[in-house]
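Notes for the structure review
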Amino acid sequence: MWGGRFSQGPSAIMREINASIPFDKALWRQDIAASKAHVVMLGKQGIVSAEDAATISAGLDQVAAEYEANGVPEDWDLEDIHMTSESRLAELIGPAAGRLHTARSRNDQVATDFKLWVREACLAADAALGMLQVALVTRAEEHAASIMPGFTHLQTAQPVTLGHHLMAYYEMAQRDRSRFVDAHARASQCPLGAAALAGTGFPIDREMTAQALGFAMPTANSLDSVSDRDFALDYLMAATQCALHLSRLAEEMIIWASQPFSFVTLPDALSTGSSIMPQKKNPDAAELVRGHSGRIAGCLTSLIMTMKGLPLAYSKDMQDDKPPVFEAASLLMLCLAAMTGMVEGATFRTARMREAAELGYATATDLADWLVRQANIPFREAHHITGAAVKLAEQKGVALDKLTIKDLKMIDPRIDERVYAALSVEASVAARTSHGGTAPDEVRKRVAEARAALGLEAS
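Residues numbered from 1 in each chain as written. Predicted model: local features only at pLDDT ≥ 70, side-chain atom pairs only at ≥ 80, totals over all residues. Heavy atoms only, no water.

Focus: the packing of helix H10 (residues 230-257) against helix H11 (residues 284-307)
Remark: H10 packs on H11, axes separated minimally by 8 Å, with the N-to-C direction vectors making an angle of 160 degrees. Taken together, the axis directions place H10 and H11 in an arrangement best described as roughly antiparallel. In the crossing of H10 with H11, the sense of the turn from one axis to the other is left-handed. Here H10 contributes Ala 232, Leu 233, Leu 236, Met 237, Ala 239, Thr 240, Ala 243, Leu 246, Ser 247, Ala 250, Glu 251 and Ile 254 to the contact with H11, which in turn contributes Ala 286, Glu 287, Val 289, Arg 290, Ser 293, Ile 296, Ala 297, Cys 299, Leu 300, Leu 303 and Ile 304. (Axes fitted to C-alpha atoms, helices over the stretch in contact; angles between N-to-C directions. Helix = DSSP H or I, 4+ residues; strand = E, 2+ residues; numbered from the N terminus. Parallel < 35°, antiparallel > 145°, perpendicular 65-115°, else oblique. Left-handed = near helix turned anticlockwise from the far one by under 90°. Contact = heavy atoms within 4.5 Å.)

Brief notes about the packing of aromatic side chains
All told, the structure shown has eight aromatic pairs when counted by the stated rule. Look at Trp 28 and Tyr 67: their rings are 5.6 Å apart centre to centre, the planes differ by 80 degrees, and that puts the pair in the edge-to-face class. One end of the pair, Trp 28, is in helix H3 (residues 28-44); the other, Tyr 67, is in helix H4 (residues 50-70), and 39 residues separate them in sequence. Like Tyr 67, Trp 28 is buried. (Phe/Tyr/Trp six-rings, centres within 6.5 Å; stacked < 30°, edge-to-face > 60°. Buried < 20%, exposed > 50% of the residue type's maximum accessible area, 1.4 Å probe, protein only.)

Section: a nonpolar patch on the surface
Nonpolar side chains collect at one region of the surface, where Leu 197, Leu 223 and Leu 312 lie side by side and expose about 270 Å² of accessible area between them. Looking at where Leu 312 falls in the secondary structure, it is placed in the loop between H11 and helix H12 (322-345). (Patch = residues over 30% accessible without salt bridge, like charges linked within 9 Å, V, L, I, M, F, W, Y side chains within 5 Å. Areas by Shrake-Rupley, 256 points an atom, 1.4 Å probe, with all protein chains shown as cover. Salt bridge = Lys/Arg side-chain N within 4 Å of Asp/Glu carboxyl O.)

A short note on the packing of H11 against H12
Between H11 and H12, the shortest axis-to-axis distance is 9 Å and the interhelical angle comes to 155 degrees. Looking at the two axes, H11 sits roughly antiparallel to H12. Seen from above, H11 lies across H12 with left-handed handedness. In contact with Ala 285, Ala 286, Val 289, His 292, Arg 295, Ile 296, Cys 299, Ser 302 and Leu 303 of H11, H12 contributes Pro 324, Val 325, Glu 327, Ala 328, Leu 331, Leu 332, Cys 335, Ala 338, Met 339 and Met 342. Per-class residue counts for the contact of H11 with H12 are 15 nonpolar, two polar and two charged. (Nonpolar A, V, L, I, M, F, W, Y, C, P; charged D, E, K, R; others polar.)

Here we look at the environment of Glu 457
As for its placement among the helices and strands, Glu 457 is situated in the segment after helix H19 (440-453). Classification of Glu 457 as exposed rests on a relative accessible area of 68%. Along the sequence, Glu 457 and Ala 220 sit 237 residues apart, while their C-alpha atoms lie 44 Å from each other.

What about the state of the cysteines?
One pass over the full model with this rule turns up zero disulfides. Of all cysteine sulfurs, the one in Cys 122 lies closest to Cys 190, which takes part in no disulfide; the gap is 16 Å. Its relative accessible area of 0% is what places Cys 190 among the buried residues. Left without a disulfide partner, Cys 242 is nearest to the cysteine sulfur of Cys 335, which lies 8.6 Å away. (Disulfide = S-S within 2.5 Å.)

A few points about unusual backbone geometry
Omega for the bond connecting Leu 312 with Ala 313 falls within 30 degrees of zero, at 5 degrees, which places this linkage in the cis form. By the element assignment, Ala 313 lies in the loop between H11 and H12. Positive phi outside glycine occurs at His 153, with the angle close to 60 degrees. Residue position: His 153 is located in the loop between strand E1 (147-152) and strand E2 (155-161). Positive phi, normally seen in glycine, also occurs at Ala 195, with a value near 60 degrees.

Structure, rendered in structure tokens:
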């Protein structure tokens, strides 16, 4: 490839550091598609003959068939997927293959291929998140009224329902989906035809190639076209946020599956044992999801550091753009599959959850609210009275609703027997009827809305 400019070939070190075929061969489908769109346009515009265009297109189909059957060969002397495909095309059809690269550069070629790949990755992530949402909604509907402790600081706070808790992750997944959809939309401009950096003097039709490849339009600036990797960063940012959400869910599953909690039994298929302790059932899949989130965030950091100081237009540093995206995408899809399976297959121990909800004086806020509503006491004063009631319950070693009315009246004479109706965990949960609250009826409303948004039949 360099014979016209260099008298000697690259050194072994240069050959190894320069070659990207070990990883960019993953772009072969996008590379063939973009090349076919390009040569069809060249033929229509009369830049190459119709006969050559047809020969090249048929040859590209043959190259694609070989790759599909046997994989992409790795010849480091050819450096990348673009030269690998063009070299094989030349072997198949002869000199006409050399006309394929008319009016384009590897700079706009790789930007186009990579953007096509990332757009597909965005759609794949969105679809996988949809499957996770289906699992979350299904289990949330099943447990709309199953009571569990809600936590702040990992301390018992107020009773909630398991359905409400699971629907919180539905909302996180919904935001994740919106980020991937937005990333896909922002990647809707096609770089093909920007050539090396300045465009081309050939009368190409960039609208034609953009439409053929599923883009909305061609990019507007040739310098930006070949130097832009915002679309890859958009994907990695969305993937990182999604991975953080998956890690939070994984962490809760890990905690809930521990013996002190015993809120959930995880599926055998997503757990492992111990080589020495036969009683162990380890939440390894959840732990790996938690760990993989760090790797995905690292991929984002890697590409940010690669791009942070590059002048326009293309620099060879940008060859390092693909490994972190490929790695993050592979890890993310695996994590989404693992957590979807975990939600679907988990056995929730609702009796244990309800028992835990009764501990830790989780209905203390309900006592304060009752004092505000029934005794017309300012909330701050009610908060103080409730604190005294909790202290007395701790001293007696009983739950709040097990304090006698005499005990409560000693703290404040305005308390009467009606207070007990507010102190059960069922009453506490049922009272939270504000929009988005944990009352079972509210949870069922959110589930119905989610089912409709997901295109599921009403249950």
